[in-house]
Amino acid sequence: MSDYDYDLFVIGAGSGGVRAARVSAAHGAKVAIAEEYRVGGTCVIRGCVPKKLLIYGAHFAEDLKDAKRFGWNVPDTYDFDWKVLRDNVMEEVDRINGAYTNTLTNHDVEIIAERAEVTGPHNVKLAGGREITAKTILIATGARPSVPDCPGAELGITSNEAFHLDAVPKRILIAGAGYIANEFAGIFHQLGAHVTLINRSDVILRGYDESIRDRLLQISMMKGIEFRFHAEFQGIEQLDDGCLKVSMSGHEPITVDCVMFATGREPNTEGLGLANAGVELDAKGAVVVDDDNRSTCDSIYAVGDVTNRVQLTPVAIREGQAFADSVFGGKPTRVDYENIPAAVFSHPPMAGVGMTESEAKNKLGSCKVYTSDFRPMKNVLAGRNERALYKMVCDSDTGKVLGLHMIGPDAPEILQAAAIAVKAGLTKDAFDQTVALHPSMAEELVLMR
Ligand code: NDP
């Protein structure tokens, strides 16, 4: 019999924690998982899942407009009921939350609905006072939106609250120009809000290929989303009529009905007691881990956003799986961080895998670039002047595809399949040898010049 209450105690039931708990239990470990809010974590409860459903809902605004050109007799004015969409989305979130909970209980993982703090290398204390020992502790507490430290910051919301609004604001200002800012700009704009995005630099979606993000900026501006660059957030003041006046450097103040911060996310390590076990944190408060997800305390591991490596759900899931297989499954496994595909569910969406053109040039000195800049067939008939852009970055000598970047309808769906070819190290030649599937947008991948 073990000297500990549990073989594994997981703190945080998000994507990484749930996978690690379930698989470790399947490997025979006695596992408990503590969650202070809801099983499912950011992705299920207030991230990827509800966001994607809002995007589907928002897209009908354009689809209804386009429908007329395809012969549908759509009235000139029609209503949108935010509460119907919001409540249906939340119902789906509840369903997935239930499914995640069932998965854990079906694998005999004990769910503890309390906040837990680390009190030593093998010790955890629950908010209710219960003290627990575990051979191994896994920190999977994720991250939370970071809010600038400025006067009136408490008057703004973050993506956490965006899903629960009473109504779509008439005017919204979004601070930041990354994933969340561009995705919510698309959602709110489609749902009828006037959207202004402000950013401290003049770069949107830093890290994505320059041509692709320029295309998004151009299309977003054409749709009516406003951008203010080199605008450092200074503060929010509530006016007598309830509106919010936002001050920023370099620009006139803007008055809006809602302010949303999308200025990055910070690891949830505050008050977790990690210092009690000698767990080192980096300058951003993230748990420092080695390639095996082990912290500077031998018995404590961490996976997912709390480690601030790649803040993506599928990566957290892989880290959770690798941890469980390595520590409890007798199968040492490491996550391969090369060529991770990613997407921004903006309007239109963009997606990419591998090196951008500038990364390839910086790293290799040169590269070969192939593009396809086209107007999707559906947009042509709809009279929608939005062009898609695909870019392939290849090794100048071998033709190996180093990166693939796209913006246009269904870009994430198309890129996921193409990412397999990039991951497999295929060449431009291999793409060219593949017969086009006509008529599709994806066929542009094998027709690039
Ligand atoms: P991002 O890192 O994508 O973008 C942050 C934005 O905020 C940037 O424009 C950045 O500007 C700006 N910013 C950062 N710090 C400050 C500051 N102190 N003051 C003013 N502006 C600031 O963060 P998000 O919050 O959008 O998303 C967090 C993470 O969540 C993403 O990195 C991503 O990994 C994940 N995510 C993934 C999604 C997906 O897969 N589709 C969807 C949503 C989130 P600058 O460019 O100048 O640094």
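Reading the values: rules and limits
- Residues numbered from 1 in each chain as written.
- Predicted model: local features only at pLDDT ≥ 70, side-chain atom pairs only at ≥ 80, totals over all residues.
- Heavy atoms only, no water.
- UniProt positions renumbered as here; feature names shortened; annotations may be inferred.
- Salt bridge = Lys/Arg side-chain N within 4 Å of Asp/Glu carboxyl O.
- Buried < 20%, exposed > 50% of the residue type's maximum accessible area, 1.4 Å probe, protein only.
- Pairing = 2+ DSSP bridges.
- Helix = DSSP H or I, 4+ residues; strand = E, 2+ residues; numbered from the N terminus.
- Contact = heavy atoms within 4.5 Å.
- Axes fitted to C-alpha atoms, helices over the stretch in contact; angles between N-to-C directions.

Per an unreviewed UniProt entry, the protein chain goes by Glutathione reductase and derives from Sphingomonas hylomeconis. In its Function (unreviewed entry) section, the UniProt record describing the protein chain reads: "Catalyzes the reduction of glutathione disulfide (GSSG) to reduced glutathione (GSH)." The UniProt entry for the protein chain carries the following text under Subunit (unreviewed entry): "Homodimer."

(A) Broad picture of the pattern of salt bridges. Applying the stated criterion across every chain, the model contains 28 salt bridges. R384 serves as the salt-bridge partner of E386, at 3.4 Å between the closest nitrogen and oxygen. E386 sits in the buried class, given a relative accessible area of 7%. Among the ionic contacts, a cluster of salt bridges with common partners joins E62, D66, K223, R384 and E386.

(B) Quick peek at the sheet that holds strand β8 (residues 157-158). The five strands lie next to each other as β8-β15-β9-β10-β11, forming an open sheet whose pairing is parallel. Because the sheet does not close on itself, it has two edges, and the strands there are β8 and β11 (226-228). In the sheet, β8 pairs with strand β15 (residues 258-261) via two bridges, with the strands oriented parallel. Each residue of the ladder has a partner; that of I157, found in β15, is M260. Helix α6 (residues 179-190) rests against β9 (171-175), β10 (194-198), β11 and β15 of the sheet, and its axis sits at about 165° to β10.

(C) The sheet that holds strand β13 (residues 244-248), seen in detail. Read from one edge to the other, the open sheet built from three strands follows the order β12-β13-β14, with strand pairing classed as antiparallel. The open sheet has two edge strands with one neighbour each: β12 (233-238) and β14 (254-256). Each neighbouring strand pair of the sheet contributes to a mean axis angle of 25°, computed without reference to strand direction. Bridge count between β13 and β14: three bridges; the pairing is antiparallel.

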